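Residue-level structure breakdown
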Amino acid sequence: MKYRTLRQCADDLRRAEMLIEWSEPVDAHQEVAEIQRRVFASGGPAVLFTNVANCRFPMLGNLFGTIERARFIFRHTLENVRRAIELKLDPSQGLRHPGRYVRAVLAARHMRPIRRRTAQVLRHKIQLSDLPQHVSWPKDGGAFITLPQVYTEHAARPGWQSSNLGMYRIQISGGQFEPNHQAGMHYQIHRGIGVHHTAAIAAKKPLRVHIFVGGSPAMTLAAVMPLPETMSELGFAGALAGFRIPLVELQNSHIYADADFCICGTIDPDRQLPEGPFGDHLGYYSLQHDFPVLRVEQVYHRPGAIWPFTVVGRPPQEDTMFGQLIHELTAPIIPSVLPGVHAVHAVDAAGVHPLLLAIGSERYTPYAPTRRPQELLTQANAILGQGQLSLAKFLLILDRACDPKLDIQNIADFLDCFLRRVDWSRDLHFQTRTTIDTLDYSGSGLNEGSKVVMAAVGPSIRELSSDATSLRIPAGFVAARQGPLPGVLVVSGTQYPGGRSDETLCERFEPLAADPAWAGFPLVIVVDDANFAAANLSQLLWVTFTRCNPASDLHGVGAFCELKHWGCRGSLIIDARIKPHHAPPLEVDPLIARRVDALAARGGALAPYL
């Protein structure tokens, strides 16, 4: 079934027993979020909350909560989109295998939006305060829209062809915003809306913004797709939806006619207000900073509107499924966009942008066996020049010849292969004082930090150890009982001393590094709680890569700097302790947790879905 409305999608999922209706009273202030988190964690159904306190609209959560349900939603079109991508990579395939690609060719006709004279979404007018006041975490600065489709057009090239549809969080209450008349527009670095905002400022015009909520699930996925600037998200949404996206013209811009809700307004070129805090997908709060302000002119909704929402926090969460779908659709494109690169994997458990894995190839000197990374470094630079991939903080790239059968999605195998080959004296390449993810507070300031490329080629140069019982650990440190990866030693350190770097780490480990037992541990990770970090691979990845800035928090035994190249001859040490400048991690309000505990207890309304 091809869904034109969110209600059609919900009805279909209910028939397929993938959705439940929650009719008991529930509060949009943290309670629906905690229920959604628990249902997601158990692989449960989508939940339609029909009795939300002080709200006239039902709220739909966990819509994309399992990859199976996400594929089910797009079951009639996902394969056509995949094949359309194959054709784009190699058009001759259409001539050689016309039967395979006929539907993909037909799907292309859906990529041009269709104009309508009227729209159901414009039937009813309300105010921001009438919308569900969804708050996910106790320190959130107000209510937020968490699945918005933010639509803008280019000031110099108006029309949908140069439009941008992105998912940028919207704060609709709290802070210094004028109730019902202002909303916070938080968009991060390297987002398409920034191009339109820049053009509007240059033209000395306010940027017109329409925020859609609901409608076809294809529009939601299109809003998070990392598409090239030259490709329309509306076109992608039409191909994925299986029909042309209907638009109506309004105020010299366009409205998505099938949306459940629409907020219309403009961004003042010269005004910002503090937005946030907000519990974000890295597992910490993004703090309060000045961001653009939307002057709200009108809020609309269609008859029978449903309010979709999601909850982000320490991964995995529902947005993990977006990442999986995006990988399934874009993985075949990688070798054509990045020659020599076979696969790229943004690691969800590490918060996506902090850690990027890649498999490349050394092809240019087949007559001379490669003894050091060469083409891999060119490929790494190309990866860091691609849109949101440029936000990667750690990029680990491995030569495919090391293990031609290696699956990049198997993180443990990748790291095992990598750690056996990497040479810390040669294979670390830093970028300092550069841009990082807006939500990452490990760096030197908002959007500021450093990156490191780690490249590995050739045969194994060491055996990895899992037994740390014979190691002498420096005073003040305690090793984890057992780590999730061979070759990685996880230790609890003393509390971080302050400042931007703890240069004394090397001094404390250096005297012990001559012990041959240390050779099996090329990587040492210093954390606040070694047993928590080492309990499983997901926790280790989250702690390590969200709490360190490469330039200040990478140290090494036998460290040196030669011709401005930094390396070390012994173990690499990552300081992944919490620092004073870090944002606080997310924690559930104990009162909310107890309320949901009661629902989850045996006989409780939530128990069947956990």
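Details of the structure are given in the entry above.
Description of the structure in this document.

Each value, and the rule that gives it
- Residues numbered from 1 in each chain as written.
- Predicted model: local features only at pLDDT ≥ 70, side-chain atom pairs only at ≥ 80, totals over all residues.
- Heavy atoms only, no water.
- Helix = DSSP H or I, 4+ residues; strand = E, 2+ residues; numbered from the N terminus.
- Expected span 1.5 Å × (residues − 1).
- Buried < 20%, exposed > 50% of the residue type's maximum accessible area, 1.4 Å probe, protein only.
- Pairing = 2+ DSSP bridges.
- Contact = heavy atoms within 4.5 Å.
- Axes fitted to C-alpha atoms, helices over the stretch in contact; angles between N-to-C directions.
- Polar contact = N/O pair within 3.5 Å; in protein donor to acceptor, adjacent residues only side chain to side chain.
- Core = buried A, V, L, I, M, F, W, Y, C linked by side-chain atoms within 4.5 Å.
- Salt bridge = Lys/Arg side-chain N within 4 Å of Asp/Glu carboxyl O.
- Phe/Tyr/Trp six-rings, centres within 6.5 Å; stacked < 30°, edge-to-face > 60°.

What about helix H10 (residues 319-330)?
For H10, built from twelve residues, the straight-helix expectation of 16 Å at 1.5 Å per residue is met to within 8% by its first-to-last C-alpha distance of 17 Å. Inspection of H10 places Thr320, Met321, Phe322, Leu325, Ile326 and Leu329 among the buried residues, and these make up the whole buried set.

Some details on the sheet that holds strand E24 (residues 478-479)
The strands that make up a sheet are held in pairs by hydrogen bonds between backbone atoms, and each pair lies either parallel or antiparallel. Read from one edge to the other, the open sheet built from five strands follows the order E24-E25-E26-E30-E27, with strand pairing classed as mixed. In this open sheet, the two strands that pair with only one neighbour each are E24 and strand E27 (554-556). Of the pairings in the sheet, the one linking strand E25 (residues 488-492) to strand E26 (residues 523-527) comprises five bridges and is parallel in character. By the bridge assignment for E26, Leu489 is matched with Val524. Contacting E25, E26 and strand E30 (572-575), helix H16 (residues 537-546) crosses the sheet at an angle of about 80° to E26.

Looking at H16
One full turn of an α-helix is made of 3.6 residues, so residues set three or four places apart face in the same direction. Across the ten residues of H16, eight count as buried, placing the element largely inside the fold. Listing the buried residues of H16 in full gives Gln539, Leu540, Leu541, Trp542, Val543, Thr544, Phe545 and Thr546. For H16, the capping residue at the N-terminal end is Asn536, with a side-chain oxygen 3.2 Å from the backbone nitrogen of Ser538.

Points about the nonpolar core
Counting residues in hydrophobic clusters, the biggest one holds 57 residues, and the most contacted among them are Phe74, Phe212 and Ile245. Here this core takes six residues from helix H9 (residues 233-241), the largest share from any one element. With residues up to four places along the chain from it excluded, the contact list for Phe212 reads Leu147, Pro148, Gln149, Tyr151, Leu165, Met219, His254, Ile255, Tyr256, Ala259, Phe261 and Cys262. Core analysis: the second largest hydrophobic core is formed by 52 residues, Ala343, Val452, Leu572 and Ile574 among them.

Some words on the sheet that holds strand E1 (residues 19-22)
With mixed pairing, four strands are arranged side by side in an open sheet as E1-E2-E3-E18. Edge positions in the sheet fall to E1 and strand E18 (307-308), since each of these pairs with one other strand and no more. Across three bridges, strand E2 (residues 46-49) lies against strand E3 (residues 59-61) in antiparallel orientation. If you follow Leu48 over to E3, its bridge partner there is Leu60.

Structural notes on the environment of Phe545
Within the secondary structure, Phe545 sits in helix H16. For Phe545, a relative accessible area of 11% translates into the label buried. The sequence separation of Phe545 and Pro516 amounts to 29 residues, and the corresponding C-alpha distance is 28 Å. The residues touching Phe545, leaving out its near neighbours within four places in the chain, are Ala350, Pro354, Leu355, Lys393 and Phe394.

Topic: the environment of Arg433
Along the polypeptide, Arg433 turns up in strand E22 (residues 428-435). In this structure Arg433 comes out as exposed when scored by relative accessible area, which is 84%. Taking the C-alpha atoms as reference, Arg433 lies 26 Å from Pro228; in sequence the two are 205 residues apart.

Comments concerning the environment of Thr118
Locating Thr118 in the fold gives a position in the loop between strand E4 (114-115) and strand E5 (124-126). Residue class for Thr118 comes out exposed when judged on its relative accessible area of 64%. In this structure, the C-alpha to C-alpha distance between Thr118 and Pro246, residues 128 residues apart in sequence, is 9.8 Å. Discounting residues that sit within four places of it in the chain, Thr118 has contacts with Val248 and Ala257.

Looking at the pattern of salt bridges
The tally for this structure, following the rule as stated, stands at 23 salt bridges. Close ionic contact of Glu31 with Arg595 constitutes a salt bridge, the shortest N to O distance being 3.3 Å. Linking Glu31 in helix H2 (residues 31-41) with Arg595 in helix H18 (residues 590-600), this pair joins segments that are 564 residues apart in sequence. Look at Arg595 and you get partly exposed, because its relative accessible area is 40%. For the salt bridge of Asp575 with Arg577, the shortest nitrogen-to-oxygen distance reads 2.9 Å. Both residues of the pair, Asp575 and Arg577, belong to the buried class. A single network of salt bridges, built from pairs that share partners, joins Glu34, Arg37, Arg38 and Asp597.

Notes on the packing of aromatic side chains
A ring pair, where both rings are aromatic, is described by two values, the distance of the centres and the angle of the planes. All chains considered together, the criterion is met by 16 aromatic pairs. Taken together, a centroid distance of 6.3 Å and an interplanar angle of 10° make the contact between Phe414 and Phe418 stacked. Of this pair, Phe414 and Phe418 both sit in helix H13 (residues 411-421), separated by four residues, roughly a single helical turn. Neither Phe414 nor Phe418 differs from the other in exposure class; each is buried. Judged by centre distance (6.0 Å) and plane angle (85°), the ring pair of Phe430 and Trp566 falls under edge-to-face. Linking Phe430 in strand E22 with Trp566 in strand E29 (residues 565-568), this pair joins segments that are 136 residues apart in sequence. Residue class for Phe430 comes out partly exposed when judged on its relative accessible area of 28%.

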